[in-house]
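Coordinates in review
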Amino acid sequence: LLFRIGQLYEDKADYKKALVYYEESLKKQTNLNNRERMSECLRDMGVVYLKLGDYSKAIQYNEKEILILQELGDSVGVAETWGTKAIIYADQGKINEALHFNIKAKEVFESKGLIAQLAVVNFSIGNLYVENKDNQKALEYYIMSSNLFRSCNEYGGLALNLMNIGHVYLSQKNYQEAKAHYEES
């Protein structure tokens, strides 16, 4: 209940109140030794600190969550948390660190055959390569992502991905390809 109230406040962008409820929920779950719920509290607290721009606390909670997920043997949860860590680093302009964690997540998703997660992480990697001004690598990851989004019928993600491919082609002054991808999106 405390956790859900925290989520309500987070949804309303009342982050200070959200943190109060997440902290209370974390204390309760710690007393109960409910590791899964503890990791959820830590995850959401880290996300709130990210939204507040407090990157050091966001990383701190992210790393605590990873430790618990590793103890639980939840490799997919760890990979998803690495994706969050990549966002934290990307928001700070630390693109190489963000790439590192997204690539680690991608390896886990590939090993588990998780198509939807692979589509998203490839999309994120493509975005990071755009930030690094490496359009060729960005296109490579966007194309992989498009194929994965198609294979799991995720048309919202596909549309955003095709739009980003169009942006890359536009930046290269390849107007015909840009137009084709914009229209397909």
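Above: the structure in question.
In what follows, the accompanying structure is described. (Residues numbered from 1 in each chain as written. Predicted model: local features only at pLDDT ≥ 70, side-chain atom pairs only at ≥ 80, totals over all residues. Heavy atoms only, no water.)

**Observations regarding helix α8 (residues 135-151)**
Let me state the cut-off plainly: By definition, any uninterrupted DSSP run of H or I lasting at least four residues is a helix, any uninterrupted run of E lasting at least two residues is a strand, and each is numbered from the N terminus. Here the expected length of a helix is defined as 1.5 Å per residue gap, with one fewer gap than residues. For the exposure calls, accessible area comes from a 1.4 Å probe over protein chains only, and a residue counts as buried if that area is under 20% of its type's maximum, exposed if over 50%, partly exposed in between. Contact definition: two residues touch when any of their heavy atoms are within 4.5 Å.
The end-to-end C-alpha separation of α8 is 24 Å, in line with the 24 Å expected for 17 residues at 1.5 Å each. Within the span of α8, buried status applies to A138, L139, Y141, Y142, S145, S146, L148 and F149. At its buried positions, α8 is contacted by α6 (95-112), α7 (115-131) and α9 (155-171). Looking one or two residues beyond α8, the residue adopting positive phi is N153, at roughly 55 degrees.

**A closer look at the packing of α7 against α8**
Note the cut-off: Axis lines are fitted through C-alpha atoms, for helices just across the contact stretch, and the angle between N-to-C directions can take any value from 0 to 180 degrees. Roughly parallel here means an angle under 35 degrees, roughly antiparallel means over 145, roughly perpendicular means 65 to 115, and every remaining angle is called oblique. Two helices crossing with the near one rotated counterclockwise from the far one by less than a right angle form a left-handed crossing, whereas a clockwise rotation gives a right-handed crossing.
Across the interface, α7 lies against α8 with an axial gap of 8 Å and an inter-helix angle of 160 degrees. By the criterion of interaxial angle, the relationship of α7 to α8 is roughly antiparallel. As α7 packs across α8, the resulting crossing turns out to be left-handed. The residues of α8 that touch α7, namely those facing I115, L118, A119, V120, N122, F123, I125, G126, N127, Y129 and V130, are K137, A138, Y141, Y142, M144, S145, L148, F149 and S151.

**Quick word on the packing of aromatic side chains**
Put simply, the test is: Stacked, edge-to-face and tilted labels apply to pairs of Phe, Tyr and Trp rings (six-membered ring for Trp) whose centres lie within 6.5 Å, assigned for plane angles under 30 degrees, over 60, and everything in between, in that order.
Under the definition given, this model contains six aromatic pairs. An angle of 45 degrees between the planes, with centres 5.4 Å apart, marks the rings of F3 and Y22 as tilted. Here F3, found in helix α1 (residues 2-11), pairs with Y22, found in helix α2 (residues 15-32); they are 19 residues apart in sequence, far enough to count as distant. The two residues F3 and Y22 agree in class, both being buried. Plain terms: the ring middles of Y49 and Y61 are 5.4 Å apart, the flat faces sit at 15 degrees to each other, and that makes the pair stacked.

**Re empty space enclosed by the protein**
This is how it is decided: A cavity here means a set of 1 Å grid points, computed over protein atoms only, where a 1.4 Å probe fits but cannot escape. A pocket is an open set with protein on both sides within 12 Å along at least 5 of 7 lines, and lining residues have an atom within 4 Å of a point. Grid points are joined across faces, edges and corners, and a volume is the space filled by probe spheres set on the points. Think of it as three bins: nonpolar holds Ala, Val, Leu, Ile, Met, Phe, Trp, Tyr, Cys and Pro, charged holds Asp, Glu, Lys and Arg, and polar takes everything else, Gly as well.
Within this structure, the stated rule accounts for one cavity of 30 Å³ or more. Estimates place the volume of the largest cavity at around 40 Å³. Lining of the largest cavity is provided by L42, R43, G46, V47, A58, N62, E65, T84 and I88. For the lining of the largest cavity, the elements supplying multiple residues, two or more each, are α3 (35-51), α4 (55-72) and α5 (75-91). No other element matches α3, which puts four residues into the lining of the largest cavity. The residue inventory of the lining of the largest cavity, partitioned by class, reads four nonpolar, three polar and two charged.

**Re the side chain of E65**
Quick reminder of the rule: For the purpose of counting charges, residues Lys and Arg are taken to be positive, whereas Asp and Glu are taken to be negative. His and the chain ends are not included. Any carboxyl oxygen of Asp or Glu that lies within 4 Å of a side-chain nitrogen of Lys or Arg is treated as forming a salt bridge with it.
Of note, E65 is situated in helix α4. R43 provides the closest opposite charge to the buried, unpaired E65, separated from it by 5.1 Å. When sequence neighbours within four positions are dropped, the list of residues in contact with E65 reads S39, L42, R43 and T81.

**Remarks on the layout of surface pockets**
Empty space within the largest pocket amounts to approximately 260 Å³. Lining the largest pocket we find 14 residues, and of these G83, I87, N102, V120 and S124 sit closest to its centre. Of all the elements in the fold, those that place two or more residues in the lining of the largest pocket are α5, α6 and α7. Looking at which element gives the most residues to the lining of the largest pocket, the answer is α5, with seven residues. Of the residues in the lining of the largest pocket, the class split is seven nonpolar, five polar and two charged. Of the voids in this model, the second largest pocket is the one considered here, and its volume is about 170 Å³. In terms of lining residues, the second largest pocket is bounded by E36, S39, E40, R43, E65, L69, D74, G77, E80, T81 and T84. Only α3, α4 and α5 provide two or more residues apiece to the lining of the second largest pocket. In terms of residue class, the lining of the second largest pocket is made up of one nonpolar, four polar and six charged.

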